[in-house]
Amino acid sequence: MNNLKWVLILLGLASMVQGVVLVLPPYFSELFILASINAILAVSLNLVNGLSGQFSLGQAGFMAVGAYTAASVNVFLLSSLHASRAGDQFALILSLICAAAASGFVGYLVGLPTLRLRGDYLAIATLGVGEIIRVVILNIYKVGGARGFFGIPSTTSAFLVTFILLACVLATHRFVMSSQGRALLALRENEIAAEAMGVDTTAYKVQAFVASSAVAGVAGGLFAHYLSYINPSSFDFMKSVEIVIMVVLGGMGSVSGSVLAAFVLTLLPEALRPLQNWTHVDLRMVIYALLLIGMMILRPKGIFGRKELWQMVRLKRPKFFSAKTSGERPEDERQG
Amino acid sequence: MEGFWQLLLNGTALGSIYALIALGYTMVYGILSLINFAHGDLVMVGAYAGLFASLALGAADHPSIGKFLLVLLIAMAASSLFGLAIERFAYRPLRNVPRLNLLITAVGVSLLLENLGQVIFGATPRVFPDILPPFTVFQSGQIAVTNQQLTVFGTALFLMVVLEWIVQKTQLGRAMRAVSHSHETASLVGIPTDRIIAITFAMGSALAAAAGILIGISYPRVDPLMGVMIGMKAFVAAVLGGIGSIRGAVVGGFLMGITESMVVGYGSSTYRDAIAFIILILILLFKPAGLFGKYQPEKV
């Protein structure tokens, strides 16, 4: 019953957003959808980089797997469904499911060998996998190779994007409260201690990594079906770094923080466009890099730390809602 | 068969460059347990420093061995200063924080160097001046050895021997080895750990700059993003040899260079960048400690 309530709430919110977007000029609705897709990516990466204390640098690769799988499934297999709008949406959802399965599977293949090792190997291995995926896609001529993949039906709606984003946020939040979530948090705090307590660290890390890549795949599918054209270079190392920056700025472990950071970082460059026209150089990445270094030195927890938005605005709420799992925790974060 | 020997030769020259860069990764990893993502970009810094130094010296107009060595030294000095600055302002404030934060900072420093490079030098590649005009030293059938290949190999080998001597035979090297075992114990016996770490960074950066110059003379173009891919491959070479081990880095570098040369020669050149990461994942699967490394389980 509780679950049904949440689904209805999410559907309601997503419909409201769709209504608002319909009224806005197309420029804003485009920005909104791109920001939401970035937010889904940030939430997915937060599961690995924030909640389980690992460090992945290849989220764009999983996004690429999702984008190309969804696009191929929809264009090559489901074209018979494209007769009506309902059929279009049904085909989109089917291809998003395939995208999640494909990128989740790739995530499993990558995660299993690398997650047994210490965190920094994962960073390099995921970076490498991102590159391998890009090179492989460049060499598949069926999906356009370097020219890119044209003619994907443009069926992503603000409603669907918002619904998936909200569902991801809610799912992550509830996951943190579950026993698996607690195990993950335990291994983030101290892997050896968690292992000594009987937590199967590798299994939980792989689980989180697979879930994270599957969600990134869905985001890629949405991206492909929004722009209706994808190109391997949209999923390069810089894209992965951008997602990492969103998670780091928002606060590693704070789901709402990374959503907020994703929106700010997507909208800010647009707002700063006049400045760029004035200076004629693209200082965006320089500023990002400085932000990243400055943040690590001055406020390593990120803007929100591990707190969620709803924990910062203290309202009167029932006791069971503010479980201690993701809230206050001793500040000492040193690892062995 | 002659094709094979030529590929082996090219691979050895390329491998000596990888080995020089891998040494920097392995030294910093040995002493700080940090993957210094910015190390590849110090190769770029060194290459640009060498480019400007040779333009200023007019080394391309009247090439000579002396000018080549001078350019090499200037680039190594410039890159060392960068390495020292990075260590002092980005890594030292983070000595006692979780390693993840240090890693993110390293990614940040790398991004900063790449993008500052693009803003300052422009994104278009530049031609590296011809400070050592190529000629064939030795020819047998189809196989040709050029003076550039010999210079690359010779310089790299010389620097590796010097490094090995410093680390194994001098007071400084002994201090470095002590710090890499344990910062706390080393400082208890009076070793200035911060200074030793800074010197390690400077040495690693100097080797990276030398690699940058050698890349400049053998593939005469430099661009602000040149360090990214070559840095990644050198890192894989360091992991292949066993990260933290100096001999491992050298062997890994040569293996990496030869493998890449063979893949390009016999396979497809589009996969030349992917092969490094395939090797990486294979090592992580089967022998995570690398060829020369010892597997050390984490202790409490």
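For clarity, every value in this text was computed on a predicted model and none was experimentally measured.

A. Main features of the overall build of chain A. Scanning chain A from terminus to terminus reveals 14 helices and zero strands. Of the regular secondary structure in chain A, the N- to C-terminal order runs α-α-α-α-α-α-α-α-α-α-α-α-α-α. Viewed in the frame of its principal axes, chain A has a C-alpha envelope of about 55 × 50 × 45 Å. Going through the 336 residues of chain A one by one, you find that 49% of them count as buried. Counting contacts in chain A only where the partners sit at least 6 residues apart, residues at least 24 apart contribute 82% of the total.

B. Seen up close, the interface of chain B and chain A. Residue-level contacts link 34 residues of chain B with 37 residues of chain A. Elements represented by at least two residues in the side of chain B that touches chain A include exactly helix 4 (99-121) and helix 11 (272-286) of chain B. If one sorts the elements of the side of chain B that touches chain A by residue count, helix 4 of chain B sits on top with 14 residues.

C. The arrangement of unusual backbone geometry in detail. One non-glycine residue with positive phi stands out, namely Ser228(A), at about 60°. Residue placement: Ser228(A) occurs in the loop between helix 9 (201-227) and helix 10 (237-250). Judged by local crowding, Ser228(A) falls into the partly exposed class, with 15 C-beta atoms found within 10 Å. Of note, Ser33(B) is a non-glycine position whose phi angle comes to about 50°, a positive value. On the secondary structure map, Ser33(B) appears in the loop between helix 1 (2-32) and helix 2 (39-57). Accessibility expressed as a C-beta count within 10 Å gives 15 for Ser33(B), which makes it partly exposed.

D. Region of interest: the pairing of strand 2 (residues 136-140) of chain B. Residue and element names in this part refer to chain B. For strand 2, the buried fraction is low: zero of the five residues fall into the buried class. Bridging between strand 2 and strand 3 (residues 143-146) involves four bridges; their strand directions are antiparallel. Within strand 3, the position partnered with Gln139 by the bridge is Ala144. Between strand 2 and strand 3, which pair antiparallel and follow one another directly, the connecting turn spans two residues, one of which, Gly141, has a positive phi of 65°.

E. The packing of helix 10 of chain A against helix 13 (residues 284-298) of chain A, seen in detail. Residue and element names in this part refer to chain A. Running from N to C, helix 10 and helix 13 point in directions that differ by 40°, and their axes come no closer than 10 Å. One finds that helix 10 runs oblique with respect to helix 13. In this structure, helix 10 crosses over helix 13, and the sense of that crossing is left-handed. Counting all contacts with helix 10, which are made through Ile245, Val248 and Leu249, the residues of helix 13 involved are Tyr288, Leu291, Leu292 and Met295. Split by residue class, the contact of helix 10 with helix 13 holds seven nonpolar, no polar and no charged.

F. Representation of the environment of Ala216(A). Residues and elements named next belong to chain A. Structurally, Ala216 can be placed in helix 9. Sequence spacing of Ala216 and Ile287 is 71 residues, and the spatial spacing of their C-alpha atoms is 25 Å. For Ala216, the residues in contact, after removing those within four places along its chain, are Leu41, Ser44, Gln59, Phe62, Met63, Gly66 and Ser103.

G. Broad picture of helix 3 (residues 59-77) of chain A. A rise of 1.5 Å per residue sets the reference length of helix 3 of chain A, with its 19 residues, at 27 Å; its end C-alpha atoms lie 26 Å apart and thus fit the reference within 8%. Counting buried residues along helix 3 of chain A, 16 of its 19 residues qualify, which places the element largely inside the surrounding structure.

Analysis parameters
Residues numbered from 1 in each chain as written. Chains lettered and ligands numbered in written order. Predicted model: local features only at pLDDT ≥ 70, side-chain atom pairs only at ≥ 80, totals over all residues. Helix = DSSP H or I, 4+ residues; strand = E, 2+ residues; numbered from the N terminus. Buried ≥ 20, exposed ≤ 12 C-beta atoms within 10 Å, placed from the backbone. Contact = placed C-beta atoms within 7 Å. Pairing = 2+ DSSP bridges. Axes fitted to C-alpha atoms, helices over the stretch in contact; angles between N-to-C directions. Parallel < 35°, antiparallel > 145°, perpendicular 65-115°, else oblique. Left-handed = near helix turned anticlockwise from the far one by under 90°. Nonpolar A, V, L, I, M, F, W, Y, C, P; charged D, E, K, R; others polar. Expected span 1.5 Å × (residues − 1).

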